[in-house]
Amino acid sequence: MDETSVPRPSLGSDHGSVTGVPLPEVVRRRSLGEWAASEGFLARCTRLATIAGLSWGVIQFADRFSVKVLPTSSTGVVIFVMGIAIAFLLAELLVVLRSRPSPLSEARSPEEVFAVALLQYARTLASSGNRRDQAILELRRWSSRLLHLMRASKERSELGQIALTAAAAIKDKETQASILIDDLGWALHESGDTQTALANINEALSIIDDKIAASGTSDTLIDLKIKALRHTANMCASSSKLDDARRAFDEPRRLAQLLPVPDHDLQNAQLDHSEAYVILGHLEARVGTTGQIDPSGALGILLAEAVALAEGAEESFATLVDSEREAKALSLKVRLLSHDTRKQGYREASTRLERLMTEVARDLR
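Residues numbered from 1 in each chain as written. Predicted model: local features only at pLDDT ≥ 70, side-chain atom pairs only at ≥ 80, totals over all residues. Heavy atoms only, no water.

**Q** An account of the side chain of R325 is needed here, citing residue identities and associated values.
**A** If you trace the backbone, R325 turns up in helix α15 (residues 323–337). Judged by its relative accessible area of 19%, R325 is buried. Only 2.7 Å separates the side chain of R325 from the side chain of D322, close enough to count as a polar contact. When near neighbours in sequence (up to four residues on either side) are disregarded, R325 contacts R145, L266, Q270 and F317. (Helix = DSSP H or I, 4+ residues; strand = E, 2+ residues; numbered from the N terminus. Buried < 20%, exposed > 50% of the residue type's maximum accessible area, 1.4 Å probe, protein only. Polar contact = N/O pair within 3.5 Å; in protein donor to acceptor, adjacent residues only side chain to side chain. Contact = heavy atoms within 4.5 Å.)

Set out below in structure tokens:
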């Protein structure tokens, strides 16, 4: 997107000054003040010398006008030294309190505070004398996608491990499969542990197939299998040829036809988005992240296919009133169009994405 210049406010009558004070002088004074209030050894020595000097100056000033502050005996020396020590310790206490980080700065963001608190609550439920398995599974059910949107992959995976134990305890096969696919599958992949993620998703597929063999198909099992196959296709795309990577979406697309509306539309839109993302990875491996593609060439045809897939996903998500996924698909479309030498479509999509981003709270990287 084009950068827009922001007019800078006037800093005073002089250019490069604040109320007439040259900027270098302001920076120098601020740095000196920060150093004087720091916890370094030289800064402490300076504070001690300053306190002692000011105290001695006050005593000499009072003595000049015949005001006796301290007795002239050795007791006066002791009182003087103790007074300086007390003043110095008070100053050091203020320095420590000033430099101590607040709870919010330690946590860095409200999202991290929420994710950590959620995980602590799950641990409490799991470690209580009377295990509350259903409560753990309910907590995981409503928070899993929220943690995904917040990119709290570590907390999501740990919560998934706690929930997997709870689901196993009550023999809930479908929930076990869901956890292995999402919390211990895709979340681990996002954390960089793709090998373990694939192993967990394959275990989930085995659970789903056993469940189908034992009790027949259901919309929930089909939905889970589609998601597992889609995640596997995404994870393996970078190590496969493009044609093979795209063929990996054939089976989940066939299964999606068995689902009712709107589940059918949602799954197809997600598959379109994933396939477009796989094509984008192939294109950027050829031309780089900033390379341009001639629309009349072979790569141009491939780019047009990916744009059509991303656009179809975007429209489906908009119809389903899923703003988060709509913004995600539009973001992908913008990345694809950035490689097109014709910039009109890129400008239009970028403008719409900028406006849509104000409606959603998500990092779309």
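**Q** Got a sec to walk through the nonpolar core? Specific residues and values, please.
**A** Among the nonpolar cores identified, the biggest contains 69 residues, and I136, L159, I226, I279, L283 and L336 are the most heavily contacted of them. Setting aside its immediate chain neighbours within four residues, I136 contacts L125, A126, R131, I162, A163 and A166. Residues I59, I84, F88 and A91 belong to the second largest nonpolar core, which totals six residues. (Core = buried A, V, L, I, M, F, W, Y, C linked by side-chain atoms within 4.5 Å.)

**Q** Residue-level account of the packing of aromatic side chains, with values.
**A** This model, assessed by the stated rule, comprises one aromatic pair. The ring of Y346 has K343 lying over it, and the distance from NZ or CZ to the ring centre is 5.6 Å. (Phe/Tyr/Trp six-rings, centres within 6.5 Å; stacked < 30°, edge-to-face > 60°. Lys NZ or Arg CZ within 6 Å of the ring centre and 35° of its normal.)

**Q** Explain helix α5 (residues 110–127) residue by residue, including any values.
**A** Counted at 1.5 Å a residue, the expected span for α5 with its 18 residues is 26 Å, and the 26 Å between its end C-alpha atoms agrees. By the burial criterion, the buried members of α5 are A115, L118, L119, A122, L125 and A126. Buried residues of α5 fall within an arc of 120° about the axis and therefore sit on the same side. Turned more than 90 degrees from where α5 packs its buried face, P110 and S127 sit exposed. Residues of α5 that are buried make contact with α6 (133–149) and α7 (153–169). (Expected span 1.5 Å × (residues − 1). Arc of directions from axis to C-beta.)

**Q** I'd like to hear about the environment of L356, residue by residue, with values.
**A** Here L356 is to be found in helix α16 (residues 344–357). Apart from the residues within four sequence positions on either side, L356 is in contact with S323, E326, A327 and L330.

**Q** Can you tell me about α16, naming the residues and giving the values?
**A** Spanning 14 residues, α16 covers 20 Å between terminal C-alpha atoms, matching the ideal 20 Å at 1.5 Å per step. Listed as buried for α16 are Y346, A349, S350, L353 and L356. Mapping the buried residues of α16 onto a view down its axis gives an arc of 130°, with all of them on the same face. Exposed and facing more than 90 degrees away from the buried side of α16 are Q344 and R355. Where α16 is buried, its residues touch α15.

**Q** Tell me about the packing of helix α13 (residues 263–287) against helix α14 (residues 298–319), and please be specific about residues and values.
**A** Remark: α13 packs on α14, axes separated minimally by 8 Å, with the N-to-C direction vectors making an angle of 150°. Between α13 and α14, the crossing angle belongs to the class labelled roughly antiparallel. Handedness of the crossing formed by α13 with α14: left-handed. Residue-level contacts link L266, A269, Q270, D272, H273, E275, A276, I279, H282, L283, R286 and V287 of α13 to L299, L302, L303, A306, L309, A310, A313, S316 and F317 of α14. (Axes fitted to C-alpha atoms, helices over the stretch in contact; angles between N-to-C directions. Parallel < 35°, antiparallel > 145°, perpendicular 65-115°, else oblique. Left-handed = near helix turned anticlockwise from the far one by under 90°.)

**Q** Explain the pattern of salt bridges to me, using residue names and the numbers behind them.
**A** Applying the stated criterion to the full structure yields 19 salt bridges. Two residues, R44 and E92, come together in a salt bridge whose shortest N-O distance is 3.0 Å. With R44 in helix α2 (residues 41–64) and E92 in helix α3 (residues 74–99), this pair connects stretches of sequence that are 48 residues apart. Take R44: its relative accessible area is 31%, and that puts it in the partly exposed class. Residue D183 pairs with R156 through a salt bridge whose shortest N-O separation is 3.9 Å. Here the residue D183 occupies a position in helix α8 (residues 173–190), and R156 occupies one in helix α7, the gap between them amounting to 27 residues. (Salt bridge = Lys/Arg side-chain N within 4 Å of Asp/Glu carboxyl O.)

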